[in-house]
Structures are given as C-alpha cells and as structure tokens.
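In case you want the letters, here they are:
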Amino acid sequence: MENKDTALKISEITSKFGITGAKNIEVCHIGHINGTFFADSSLGRIVVQKINKGIFTDPPSLMDNIIAVTKHIRKKMESEGASNEEISRGVLEYFPAFDGKYYITDSSGEYWRISKFIDSTRTYDAGTPELLTESGYSFGKFQSYLSDFPAETLTETIPFFHDTAVRFAHFEKTVAADLVSRAAKCPDLIEKVLSYKETAGKIVAMLASGDLPLRVTHNDTKINNVLIDTKTKKGVCVVDLDTVMPGTFLYDFGDAIRSGASAVPEGSLEFDKFVVREDLYKAFYEGFSRGVGNSITKIEEENLPLGAFMMTYEVGMRFLDDYLSGDTYFHTEYAEHNLDRARGQLLLADDIMKKKDSLLALTKKL
Ligand code: GN1
Ligand code: MG
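Parameters and conventions
- Residues numbered from 1 in each chain as written.
- Chains lettered and ligands numbered in written order.
- Predicted model: local features only at pLDDT ≥ 70, side-chain atom pairs only at ≥ 80, totals over all residues.
- Heavy atoms only, no water.
- 1 Å grid on protein atoms, 1.4 Å probe; cavity = no way out; pocket = protein on both sides within 12 Å on 5 of 7 lines; lining within 4 Å.
- Points joined across faces, edges and corners; volume = space filled by probe spheres on them.
- Helix = DSSP H or I, 4+ residues; strand = E, 2+ residues; numbered from the N terminus.
- Donors = N, O, S within 2.8 Å, 3.2 Å for Na, K, Ca; no water.
- Near = heavy atom within 4 Å.
- Polar contact = N/O pair within 3.5 Å; in protein donor to acceptor, adjacent residues only side chain to side chain.
- Areas by Shrake-Rupley, 256 points an atom, 1.4 Å probe, with all protein chains shown as cover.
- Nonpolar A, V, L, I, M, F, W, Y, C, P; charged D, E, K, R; others polar.
- Core = buried A, V, L, I, M, F, W, Y, C linked by side-chain atoms within 4.5 Å.
- Buried < 20%, exposed > 50% of the residue type's maximum accessible area, 1.4 Å probe, protein only.
- Contact = heavy atoms within 4.5 Å.
- Pairing = 2+ DSSP bridges.

Draft legend 1. Focus on the layout of surface pockets. Put simply, the second largest pocket is a space of about 600 Å³. Met77, Gly90, Tyr137, Gly235 and Val236 are, among the 24 residues lining the second largest pocket, the residues nearest its centre. Those elements that place two or more of their residues in the lining of the second largest pocket are α2 (59-79), α3 (84-90), α4 (129-145) and β9 (235-238). It is α4 that provides the largest number of residues to the lining of the second largest pocket, a total of 6 residues.

Pasting the structure below:
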C-alpha cells in the first residue's frame, strides 16, 4: 500500500526533474543514512533519494563528485568495448533537473536526486563464496576504473571519514561527556574500544608516511552496495557513491570483509557468530585482486587483514559513539540498536585481530 504523503512528496520531487507518473512507490530500508525510494515513472523505474544533509553538508559538491566519477567510469567502459547495455547497467546514471543540476531542493530545503533503477538485480547482506568473489571483482574493477581519476578534483564529502585516530579522539570525548548517561550500560564495550588505542592510528600513519599509496576509493564497500544480477548472479554495478574520496585499498577491502565475510550480517543479534569466515575472506580476495588487475603493492597486500580489522573496529566504535551520543547519526529501529550493532562489530574486530596471521597466509598462497 502506498502512503499518500510519500506519493505526493515523490510526485513533487520528480516533477522538478520533468519526470511524471510516479507510481508503485517502495521505500528502501537498506542504507543507514539517506532516504531512498523506488518508483515507476515516465522514465521507467527510478531511484529517488533524499540526501542526508546533516551528514553530507555540501550536497552540490557531493553530486559534482558523483557525476565526474560516473562519467569517468562510463568512458573507461566504452574504451574497453563494453556494449551500451553493459554500460547502462554497469554504472549509475543520474538525471538532471530542469536547471541542469543533478539535484533539487524541496520547500523545506532538503536535497533530492534521481537515478535510473537497474533492472533484474538485487543486493545481499550476507553471502556465499561465489557472491563474495563477484562483489570483490566489482569493487576491484571499480577501483581500477578510477585508478587514473584526478583525486585532487574530488571534494572530501566527509572529512576524516576513515581517520580512525580522529574517530578515536572523538570517542574519548563522547565517553567523557556521557551526554545521555548511557556509559554505565556498556563499560565492557567502551573498554574494548579504548584498548585498541595504539592500533587505531596505524593506517593513517602509513598513509601520512607515504608507505601506503593514496588511491581514489569507494569507502563504503558494504557487500550490499554491489547490485547482483538475479539470473546470472554476476556483479553488475557498484552503488552508493557518496563517499568516493581519496583513501586506500585497505578501506575498501576491509569494509567488504567486515560486512560480507562475517558468519552473520551486521544487524544480527547472534553475538556468538560474529566471526570471520576464511572461505568468504579468500573468495572476496580472489575477485578483488582480479578486479584491480593485481595492482596491489606488497605493503597493501601485507596489511589487508589490518584493513579488515580497522574497518570493523572503526564502525563498531562509531556505532557505540552514536549510542552514547543519543543516536543522532545512524538510522535506528529500536532503542539499543546502535549498542547491538557495536557489540557485533567489536566482537568481529577481535576475531579478525586474533586470526590476522592466518588471514594473511590465505591470500599469500594465491
Ligand atoms: C553507513 O548508509 P550506509 O548504510 O551505506 C555509513 C558507513 C557505515 C555503514 C554501517 C556515510 O552506510 O560508513 O560503514 O553505515 N555511511 C556513512 O552499516 O556514514
Ligand atoms: Mg553509504
């Protein structure tokens, strides 16, 4: 059943893009940040998104990034001889509004954008080895398309996004302030986060020293950010391009492992199952390294387990920070949602740390 207010809102937005007849509206519940809707329209099925401007404070620059990145990928695909059909499914396509901009603002100052829906695809929150290899290939290929993208032209949509040392300092302040008096509910988890103080700054330090090469990365490579073809089960398109910024392979490899190679997905309450599955880890690596064209340097290779740990630890810390701050960042569905998410991620981070040597050995053999 369509909610009448949602239908009216979507019609109001689509009309500013010259798109009519919005119907069969569906709310997408997958992401934690933006508001996403699917609808049929005069341009076929479309994705209508409200950009969270509390988090992405400069939506016009964010859209400039996305348009430049998608244009670059489209050109690369053309030069590789991809068919029109492959290109139209393989890279996101945003529609301009009447004024030529790729976003509009509504009467309450909210920013909206519209892209084409890619048919016959779906996403997965957890996967099989085959799916992990496909997702790995898609994310790796995405990287390789952007390997010659001029990084200096990108706006940093969220400064210090994966600066785990900065996030650690923020966490310490949050704990000290204890604004909503929740610290007493989770002393074990706070302790856990604080215990990794030394490790938290390792990747940023390697980037600063130049040991790790800076690359243009996706930075939000949750396994459900790859659209998988429902028939062939092949990876079709990488979505959610809001955080494409300079970064490292370790971030993209790591976030995909955290979300896709865990025995249970992020939202699970089966806390004893937050362990990394070596078969899925290896399967992802196989696809990823093939996708990037084996351009991984030795130091990147050696630090992939650290990347997996860091992304898991970082998001665990972020969930806990948000819980202690009164749930102002991530969408939550119940009171202790962020606390549960933090618990799962911190358990998984511990498990990855414990297995870091065997994880490294897994990819060395390949
Ligand atoms: C957010 O919105 P979504 O689900 O793509 C977050 C990621 C976290 C993720 C955890 C901009 O991603 O950094 O890893 O939740 N995105 C932002 O599920 O903060
Ligand atoms: Mg995202």
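Draft legend 2. Layout of the coordination of the magnesium ion (ligand 2). Taken together, Asp220 (OD) and Asp240 (OD) make up the protein donors of the magnesium ion (ligand 2), found 1.9 to 2.0 Å from the metal. Here Asp220 is found in the loop between β7 (215-217) and β8 (226-229), whereas its partner Asp240 is found in the loop between β9 and β10 (245-247), with 20 residues between them in sequence.

Draft legend 3. Looking closely at the site of ligand 1. The environment of ligand 1 is made up of 16 residues, and the closest members are Lys222, Asp240, Glu266, Arg318 and Tyr329. Interatomic distance of 2.5 Å between a side-chain N/O atom of Lys222 and an oxygen atom of ligand 1. Within the side chain of Glu266, an N or O atom sits 2.6 Å from an oxygen atom of ligand 1. Compared with its free state, where it exposes 440 Å², ligand 1 has 96% of that area covered by protein. Grouping the amino acids of the shell around ligand 1 by side-chain chemistry returns 8 nonpolar, 2 polar and 6 charged.

Draft legend 4. Looking closely at the nonpolar core. Ranked by size, the top nonpolar core spans 95 residues in total, and within it Tyr281, Phe284, Phe309, Tyr313 and Leu320 carry the most contacts. Ranked by residues supplied to this core, first place goes to helix α12 (residues 304-324) with 13 residues. Once you skip the residues sitting within four places of it in the chain, Tyr313 turns out to touch Thr164, Phe168, Val193, Tyr196, Ala200, Leu346 and Ala349. Among the nonpolar cores identified, the runner-up in size contains 16 residues, and Ile10, Ala22, Ala97 and Trp112 belong to it.

Draft legend 5. Examining the sheet that holds strand β6 (residues 121-122) more closely. Strand order in the open sheet made by the 3 strands is β6-β8-β9, with antiparallel pairing throughout. In this open sheet, the two strands that pair with only one neighbour each are β6 and β9. Bridge analysis of β8 against β9 gives 3 bridges, and the strand direction is antiparallel. Note that in β9 the partner of Leu227 across the bridge is Cys237.

Draft legend 6. Region of the structure containing empty space enclosed by the protein. Within this structure, the stated rule accounts for 1 cavity of 30 Å³ or more. As a volume, the largest cavity reaches approximately 40 Å³. Forming the walls of the largest cavity are Tyr124, Ala126, Gly127, Leu131, Leu132, Ser135, Ile223, Val226 and Ile228. Elements with a minimum of two residues in the lining of the largest cavity: α4 and β8. Here the lining of the largest cavity gets 3 residues from one element, more than from any other, and that element is α4. Partitioning the lining of the largest cavity into residue classes produces 7 nonpolar, 2 polar and no charged.

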